[in-house]
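Remarks on the overall topology
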Amino acid sequence: MWMINGRRGEWIDAADRGLQYGDGLFETLAVSGGEPEFWDDHMHRLRQGCRRLAIPEPDFGLLRDEAVSLAAQGGARSVLKIIVTRGVGGRGYRPPKPPAPNRILSLHPFPAYPAQWYAKGVTARFCLHRLSDHPALAGLKHLNRLDQVLARAEWEDEDIQEGVMLDQQGYVTEGVMSNIFIVSQDQLYTPELSHCGVAGVMRARVMRLAETAGLVCRECRLTPEAMLQADEAFFTNSIIGVWPLHSLRQRTYPKGPVTELLQQLLALPRV
């Protein structure tokens, strides 16, 4: 199901700059009982992204009304995607003045992830394709996801659930569709995102929950070796919640107490 600028439909002008140049932003939200989860967190990130890209902010009250109206059609569990583009523009990169942003909402079935991925963890691999360094866009959930597309195209093995992406200097930055945390000697770490990567809503929530639980989470430049030597590791995003990492290369990880604690603190109905 789709809604474009408040109207049901699936068609967008071919001259839209989101299609032409990836000139826009998106948010992907879990929906439970017709209610989009972590709405304020997602809208905060969307607002910051609009400001950084100089795209006029949508009317957030109107956007919520549209989101709730669409989400009500999705049953107990669904996934809501919100896209905001700069709107239609002529040929060439110069942004239109004034811009007329488009709002595109779509509702999708919630993925049927196996319970064992939460209980025992998932298998991952290191991706060969590396993230492009772009400090001006670092942290944003912008529409250009070609790095992730190329990385995800590297494997067809159904036994591998996620890929670990490195930056141009060879540091661990994020998963193809997730953020990464490791635990080493009772200390929680996550890659810093000043050059590339997406600052996930669930990443921020996990960091806040860790702090309230008395765990210090440090953002750092994380090497592949450090990840392979970690006591625990897990992936996060707004749909999966927390996936423990079970195996990476020849390394097998336990589902440790920190991962277990954070899953309990989130208390999300993922399966």
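Residues numbered from 1 in each chain as written. Predicted model: local features only at pLDDT ≥ 70, side-chain atom pairs only at ≥ 80, totals over all residues. Heavy atoms only, no water.

1. What about the overall build of the protein chain?
Regarding its fold elements, the protein chain presents eight helices and 15 strands. Computed over the C-alpha atoms, the radius of gyration of the protein chain is 19 Å, within 12% of the 18 Å expected from 2.2 N^0.38 for a compact globule of 271 residues. Once the C-alpha set of the protein chain is aligned to its principal axes, its extents read approximately 55 × 40 × 35 Å. Taking all 271 residues of the protein chain together, the buried fraction comes to 51%. (Helix = DSSP H or I, 4+ residues; strand = E, 2+ residues; numbered from the N terminus. Rg over C-alpha atoms; globule rule 2.2 N^0.38 Å. Buried < 20%, exposed > 50% of the residue type's maximum accessible area, 1.4 Å probe, protein only.)

2. Describing helix 3 (residues 60-71)
Compared with the 16 Å implied by 1.5 Å per residue over 12 residues, the 16 Å span of helix 3 between its first and last C-alpha is a close match. Taken residue by residue, helix 3 has Phe60, Leu63, Glu66, Ala67, Leu70 and Ala71 as its buried positions. Each buried residue of helix 3 sits inside an arc of 125° when the element is viewed along its axis, so together they form one side. Among the structural elements, strand 1 (2-4), strand 2 (7-8), strand 3 (24-32), helix 2 (39-53), strand 5 (77-85) and strand 6 (102-109) are those in contact with the buried residues of helix 3. Where helix 3 begins, the capping side chain belongs to Asp59, and its oxygen is found 3.0 Å from the backbone nitrogen of Gly61. (Expected span 1.5 Å × (residues − 1). Arc of directions from axis to C-beta. Contact = heavy atoms within 4.5 Å. Polar contact = N/O pair within 3.5 Å; in protein donor to acceptor, adjacent residues only side chain to side chain.)

3. Regarding the packing of aromatic side chains
Within this structure, the stated rule accounts for six aromatic pairs. Ring centres 5.0 Å apart and planes at 80° place the aromatic pair Tyr113 and Trp243 in the edge-to-face group. Taken together, the residues Tyr113 in the loop between strand 6 and helix 4 (115-119) and Trp243 in strand 14 (residues 241-248) connect sequence positions 130 residues apart. For Tyr113, a relative accessible area of 18% corresponds to the buried category. Members of the aromatic cluster, each reached through a chain of ring pairs, are Tyr113, Trp117, Tyr118 and Trp243. In this structure, Arg47 is placed above the aromatic ring of Phe60, and the distance from its NZ or CZ to the ring centre is 4.2 Å. The ring centre of Phe26 lies 4.8 Å from the NZ or CZ of Lys81, which sits over that ring. (Phe/Tyr/Trp six-rings, centres within 6.5 Å; stacked < 30°, edge-to-face > 60°. Lys NZ or Arg CZ within 6 Å of the ring centre and 35° of its normal.)

4. Quick look at the environment of Asp23
Along the chain, Asp23 falls in the loop between helix 1 (17-21) and strand 3. According to the relative accessible area criterion, Asp23 is buried, its value standing at 11%. Setting aside chain neighbours within four positions, we find Asp23 in contact with Arg17, Gly18, Ile55, Thr85, Arg86 and Leu143. Within the structure, Asp23 has its side chain in polar contact with the side chain of Arg86 (distance 2.6 Å).

5. Some words on the nonpolar core
Membership of the largest hydrophobic core comes to 25 residues, with the highest contact counts inside it found for Val164, Val172, Met227, Phe235, Trp243, Leu245 and Leu248. With sequence-adjacent residues up to four places away left out, Trp243 is seen in contact with Tyr113, Trp117, Tyr118, Val122, Gln161, Met177, Phe234 and Phe235. Ranked by size, the runner-up nonpolar core spans 21 residues in total, among them Trp39, Leu46, Leu70 and Ala71. (Core = buried A, V, L, I, M, F, W, Y, C linked by side-chain atoms within 4.5 Å.)

6. Describing the sheet that holds strand 3
Read from one edge to the other, the open sheet built from six strands follows the order 2-1-6-5-3-4, with strand pairing classed as antiparallel. The outermost strands of the open sheet, each flanked by one partner alone, are strand 2 and strand 4 (35-36). Here strand 3 pairs with strand 4 via two bridges, running antiparallel. Residue pairing in the sheet places Val31 in a bridge with Pro36 of strand 4. Running over the sheet, helix 3 touches strand 1, strand 2, strand 3, strand 4, strand 5 and strand 6 and is turned about 25° from strand 6. (Pairing = 2+ DSSP bridges. Axes fitted to C-alpha atoms, helices over the stretch in contact; angles between N-to-C directions.)

7. Re the environment of Gln263
The residue Gln263 is located in helix 8 (residues 257-266) in this model. Judged by its relative accessible area of 17%, Gln263 falls in the buried class. As for Gln263 and Gly241, which are separated by 22 residues in sequence, their C-alpha atoms are 7.7 Å apart. Residues contacting Gln263, with those up to four places away along its chain left out, are Tyr118, Val242, Pro244 and Lys255. Here the side chain of Gln263 touches Tyr118 through a polar contact of 3.1 Å, landing on its backbone oxygen. For Gln263, the side chain forms a polar contact with the main-chain oxygen of Val242, separated by 3.1 Å.

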